[in-house]
Amino acid sequence: MLTCILVDDEVKSIKSLEWELEKFNEDIQIKNTFTDTEQARDYLSEHEVDFIFLDIEMPKIDGFEFLEHFEHRDFDVIFVTAYDQYAIKAIKAQAFDYLLKPVEHDELKVLIDKMLSKKEKEQIDQNLNNKIQVAIDQNIRLIDPEGIIYCQSDGNYCHIYLKKGESHLISKKLKYMEEKLEKYPFMRVHNSYIINLNEVREINKKDSIIILNDGTSIPISRSKKDKLFNLL
């Protein structure tokens, strides 16, 4: 599902575009509409949308000036205008697309299909970026770090323990996983263990033991105590 807002100083134009977009209500949701650019700017400062339909020729500030208020845009822009002389300027403004009024159904369908494809690709890329690549049995497996409870050294091998009882044995030393997980909330608390800090259920300071959510007891090395307690 895509989310958007409409920004146009003409109510008639907004109603016309709303009517066309309602035909694609399974794919797109109109979060709000604005005839006032300042109200639209305030809305975007507090709410996230996938893209905006933006008129160009408007009183006070035009569509290009409106975009200058956003140093880092987290939404795509589709200019909607009755004039075709702004195409080059729209490209320079890094617009996703450029539609002429009145917007035709077929053109809108092509645009929405493009937007859906773009969002799907971004979600796939995000999922891939959130996972780490681990060599298992001569294959590369993608593992979500959030699903790892802890890793345990076994000489030149390493056990990876996941939620729901799943585990993997890889022919790499624990240092390999330490490097893979360094940008995530993990810590090597012992020469033989790396733990997911979000999986810590209890700490026994007296016995220097961590109890994880799955009930596993992990020893804490003396040299790691202070750092661990500061993190938690």
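Our subject is the structure listed above.
**Thoughts on the pattern of salt bridges**
Then, in step 1: Counted under the stated rule, the structure contains 13 salt bridges.
Then, in step 2: Here Glu 20 ties to Lys 23 by a salt bridge, and the two come within 3.4 Å at their closest N and O atoms.
Then, in step 3: Exposure remark for Glu 20: the relative accessible area of 11% places this residue in the buried category.
Then, in step 4: Lys 163 serves as the salt-bridge partner of Glu 199, at 3.3 Å between the closest nitrogen and oxygen. One end of the pair, Glu 199, is in the loop between strand 12 (193-196) and strand 13 (200-204); the other, Lys 163, is in the loop between strand 9 (157-162) and strand 10 (167-170), and 36 residues separate them in sequence.
Then, in step 5: Overlapping salt bridges bring together Asp 8, Asp 55 and Lys 101 as one network.

**Section: the nonpolar core**
Then, in step 1: If you look at the biggest cluster of nonpolar residues, it comprises 22 residues, and the most contacted ones within it are Leu 44, Ile 52, Leu 54 and Phe 79.
Then, in step 2: Secondary structure elements with two or more residues in this core: strand 1 (2-7), helix 2 (37-46), strand 3 (51-54), helix 3 (63-67) and strand 4 (76-81).
Then, in step 3: If near-sequence neighbours (up to four positions away) are discounted, Leu 54 is found in contact with Val 7, Gly 63, Phe 66, Leu 67, Val 77, Ile 78, Phe 79 and Val 80.
Then, in step 4: In this structure, Cys 4, Ile 28, Leu 99 and Leu 108 belong to the second largest nonpolar core, which totals 18 residues.

**Here's the deal with the side chain of Asp 8**
Then, in step 1: Secondary-structure assignment places Asp 8 in the loop between strand 1 and helix 1 (11-21).
Then, in step 2: According to the relative accessible area criterion, Asp 8 is buried, its value standing at 6%.
Then, in step 3: Setting aside residues no more than four positions away along its own chain, Asp 8 makes contact with Ser 13, Ile 14, Phe 34, Thr 35, Asp 55, Met 58 and Lys 101.

**Focus on the sheet that holds strand 12**
Then, in step 1: Spatially, 10-9-8-12-11 is the arrangement adopted by the 5 strands of the open sheet, whose pairing is antiparallel. One side of each edge strand has no neighbouring strand; the edge strands of this open sheet are strand 10 and strand 11 (186-190). Going from strand to strand, the sheet's axes swing by 20° on average, the running direction of each strand aside.
Then, in step 2: Pairing between strand 11 and strand 12: 4 bridges, direction antiparallel. Paired with His 190 across the bridge in strand 12 is Tyr 193.

**Considering helix 1**
Then, in step 1: Turning to helix 1, its buried residues are Ser 13, Ile 14, Leu 17, Glu 18, Glu 20 and Leu 21. All buried residues of helix 1 project into a common sector of 160° when viewed along the axis, lining one side. Relative to its buried face, helix 1 has exposed residues pointing more than 90 degrees away, namely Lys 12, Lys 15 and Trp 19.

Reading the values: the criteria
- Sequence order sets the numbering: in each chain, residues are counted from 1 along the sequence as written.
- For a predicted model such as this one, the threshold for reporting local features is a pLDDT of at least 70, and the threshold for listing and counting side-chain atom pairs is 80 or more; totals across whole chains, interfaces and linings nevertheless cover every residue.
- Side-chain descriptors were evaluated using all non-hydrogen atoms of the structure, hydrogens and water having been removed beforehand.
- Whenever a carboxyl oxygen of Asp or Glu lies within 4 Å of a side-chain nitrogen of Lys or Arg, that contact is scored as a salt bridge.
- Burial here depends on accessible area, computed with a 1.4 Å probe over protein chains only, as a share of the maximum for the residue type. Under 20% is buried, over 50% is exposed, and the range in between is partly exposed.
- Helix and strand definitions follow DSSP, with helices as H or I runs of at least four residues and strands as E runs of at least two, each counted in order from the N terminus.
- Here, nonpolar core refers to any group of buried Ala, Val, Leu, Ile, Met, Phe, Trp, Tyr and Cys residues whose side-chain atoms link them within 4.5 Å.
- The contact criterion used throughout is that any non-hydrogen atoms of two residues lie within 4.5 Å.
- Following DSSP output, two strands are said to pair if at least two bridges run between them.
- Axis angles are defined between N-to-C directions and span 0 to 180 degrees, where every axis is a line fitted to C-alpha atoms and, for a helix, only to the segment in contact.
- Here the arc refers to the set of directions running from the helix axis out to each C-beta atom.

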